[in-house]
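Observations on the model geometry
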There are 2 protein chains.
Amino acid sequence: MDNSIPLFVNENLETDNFLSGDEAHHASKVIRLCVGERIQVTDGKGNLVQAIVTEVLRNSVNYSIIEHHKCESKACRLHLAVAPTKNMERYEFMLEKCTEFGFSRLTPIICEHSERTIVKTERLNRVMTAAAKQSLKIIFPVLDESQKFRTFIENCKHVSHKFIAVCSEIEKVPLIKAVPVDGDAVVMIGPEGDFSFTELELALQHGFVAVSLGDSRLRTETAGIAACHTFYVKKE
Amino acid sequence: MDNSIPLFVNENLETDNFLSGDEAHHASKVIRLCVGERIQVTDGKGNLVQAIVTEVLRNSVNYSIIEHHKCESKACRLHLAVAPTKNMERYEFMLEKCTEFGFSRLTPIICEHSERTIVKTERLNRVMTAAAKQSLKIIFPVLDESQKFRTFIENCKHVSHKFIAVCSEIEKVPLIKAVPVDGDAVVMIGPEGDFSFTELELALQHGFVAVSLGDSRLRTETAGIAACHTFYVKKE
């Protein structure tokens, strides 16, 4: 990855040697790329090519590949499961910040105390892609459709490290001391009204470990950012 | 502090036993407090009282104090000096998140590469106060008027621990490994175009230590959140 060369996304990197849609528009109209200029293109799944622009058309920017890189994912993969906030701007901001730090997957979970139960992932996906490009990521996080709390927990059966962030006064460990060095990890974060007692019980029965994100009372989206950044600083 | 009792702000806590302005409006019209109900009131400077509402008037809510607490500030005090972002919503969001985690002071610094050179602190102060109340803080952060980079550095002469977050490829230590256990600390974060070479040189000459906030390329406001959260997790 060369920070000085503009980065574009092409989901069909293996088969198509051109940018299309928004990416072509951005390349031709915003950055105004010319034939002969260097670009980098990723599929957001770990593949990156260094390329040279060969043709700038109305809806397509063609390029010729010079070099191909494959990026392996980091040792510990963080999956965040965060209840959607009432105000979706806050959720978008959280997704943007977490994407900048780096994480592998986000599932909006619908909980008993959730005021919002419908999540439109299209806009979230745009926010995520923009943040991933801006922070030069080659592996983009995956954004799931929302799932009910119980369904999500049952789907997590095979995850090595499972955490649930809780505000209530039960026994819990600070997340910073629980971050695993490798394997997959999932951190669940509840809605404005927190998880219900039943949900917490169910999570503990399913092998989730109760963790704390520090002494402050944090908003849902702040807890998401805090959890992601806790994994990020542990890599250093 | 009792999380279940609503918290209000009264800057003149020592002399006046009533809420006024926005706080009175919030108490009487939004929460609709009645005579006899319990409230907590802070001046945001470390004082907190437990009180009982004695009268609800149009522009004032009077109370009678039951108990007085004094909160001492934490061992390490974090002063953030962050260049304002072009889009002030991002800066507001950063201030909100940092207030939730807890820190002592924010100075907007105007740098050589700053696109924004004017900062209106009135709105920022409102954002900060709302976040401080929401996260039940008794000591609120102080928001300075903006300062030029050079002025700020010269004003930092007597700070024990001084850090400058840099993106460029110079020698630097991870901030997480440099967080001091006590004393005052300041962390400077540059604008979208980063600090200039001259600014970096000047900071190093003035005893600032170059630190890194990890491998990702972070936006200015994300770097601010990351720095603040790094101090926050170190307390655990």
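Residues numbered from 1 in each chain as written. Chains lettered and ligands numbered in written order. Predicted model: local features only at pLDDT ≥ 70, side-chain atom pairs only at ≥ 80, totals over all residues. Heavy atoms only, no water.

**Focus: the side chain of K133 of chain A**
All names here are of chain A. Checked against the element boundaries, K133 lands in helix 3 (residues 121–134). Relative accessible area serves as the criterion here: at 16%, K133 is assigned to the buried category. Apart from the residues lying within four places of it in its own chain, the contact partners of K133 are L7, F8, V9, E23, H26 and F140. (Helix = DSSP H or I, 4+ residues; strand = E, 2+ residues; numbered from the N terminus. Buried < 20%, exposed > 50% of the residue type's maximum accessible area, 1.4 Å probe, protein only. Contact = heavy atoms within 4.5 Å.)

**A few points about helix 3 of chain A**
Spacing of three or four residues puts side chains on the same side of an α-helix, whose turn is 3.6 residues. Residue and element names in this part refer to chain A. Over its 14 residues, helix 3 extends 20 Å from the first C-alpha to the last, a length consistent with the 20 Å expected when each residue adds 1.5 Å. All of the buried residues along helix 3 are T121, L124, V127, M128, A131, A132 and K133. Buried-residue contacts for helix 3 involve strand 1 (7–9), helix 1 (21–30), helix 2 (88–101) and strand 8 (142–143). (Expected span 1.5 Å × (residues − 1).)

**Here we look at the relation of the copies chain B and chain A**
Once chain B has been moved 0.0 Å along the axis and rotated by 180 degrees, it coincides with chain A to within an RMSD of 0.0 Å. Look at the turn and shift together and you get a two-fold axis relating the two. A share of 100% of the interface residues of chain B reappears at the interface of chain A, consistent with the copies meeting face to face through the same patch. (Least-squares fit on C-alpha atoms with pLDDT ≥ 70 in both.)

**A closer look at the environment of P6 of chain B**
Residue and element names in this part refer to chain B. Here P6 is to be found in the segment before strand 1 (7–9). A residue is classified by how much of its surface remains accessible, and P6, at 25% relative accessible area, is partly exposed. In sequence terms P6 and E100 are 94 residues apart; their C-alpha atoms lie 17 Å from each other. Setting aside its immediate chain neighbours within four residues, P6 contacts I31, R38, I39 and Q40.

**Quick look at the pairing of strand 4 (residues 47–56) of chain B**
All names here are of chain B. Sheet analysis places strand 3 (residues 38–42) next to strand 4, joined by five bridges and oriented antiparallel. Of the residues in strand 4, the one forming a bridge with T42 is L48. If you look at the hairpin formed by strand 3 and strand 4, you'll find four residues sitting between the two strands, and G44 has a positive phi there, around 75 degrees. Relative to strand 5 (residues 60–70), strand 4 is paired through nine bridges, and the arrangement is antiparallel. Its bridge partner lying in strand 5, V56 is registered against V61. In this antiparallel pair of consecutive strands, strand 4 and strand 5, the connection spans three residues. (Pairing = 2+ DSSP bridges.)

**Structural notes on the sheet that holds strand 2 (residues 18–20) of chain B**
All names here are of chain B. Strand order in the open sheet formed by five strands is 1-3-4-5-2, and the pairing between neighbours is mixed. Of all strands in the sheet, those with a lone pairing partner are strand 1 and strand 2, marking the two edges. Between one strand and the next, the sheet's axes are offset by a mean angle of 45 degrees, whatever the strand orientation. (Axes fitted to C-alpha atoms, helices over the stretch in contact; angles between N-to-C directions.)

**Overview of the pattern of salt bridges**
One pass over the full model with this rule turns up 26 salt bridges over all chains. Residues R219 of chain B and E96 of chain A are paired through a salt bridge, measuring 3.8 Å at the closest nitrogen-oxygen approach. Of this pair, R219 of chain B sits in the loop between strand 13 (209–212) and helix 7 (220–234) while E96 of chain A sits in helix 2, placing the two residues on different chains. A relative accessible area of 11% places E96 of chain A in the buried class. As a salt-bridge pair, E221 of chain B and K97 of chain A come within 2.8 Å of each other at their nearest N and O atoms. Pair noted here: E221 of chain B is in helix 7 and K97 of chain A is in helix 2, and the two residues belong to different chains. The pair E221 of chain B / K97 of chain A is uniform in exposure class, with both members buried. (Salt bridge = Lys/Arg side-chain N within 4 Å of Asp/Glu carboxyl O.)

Read these as layout, nothing more, since geometry by itself doesn't imply function.
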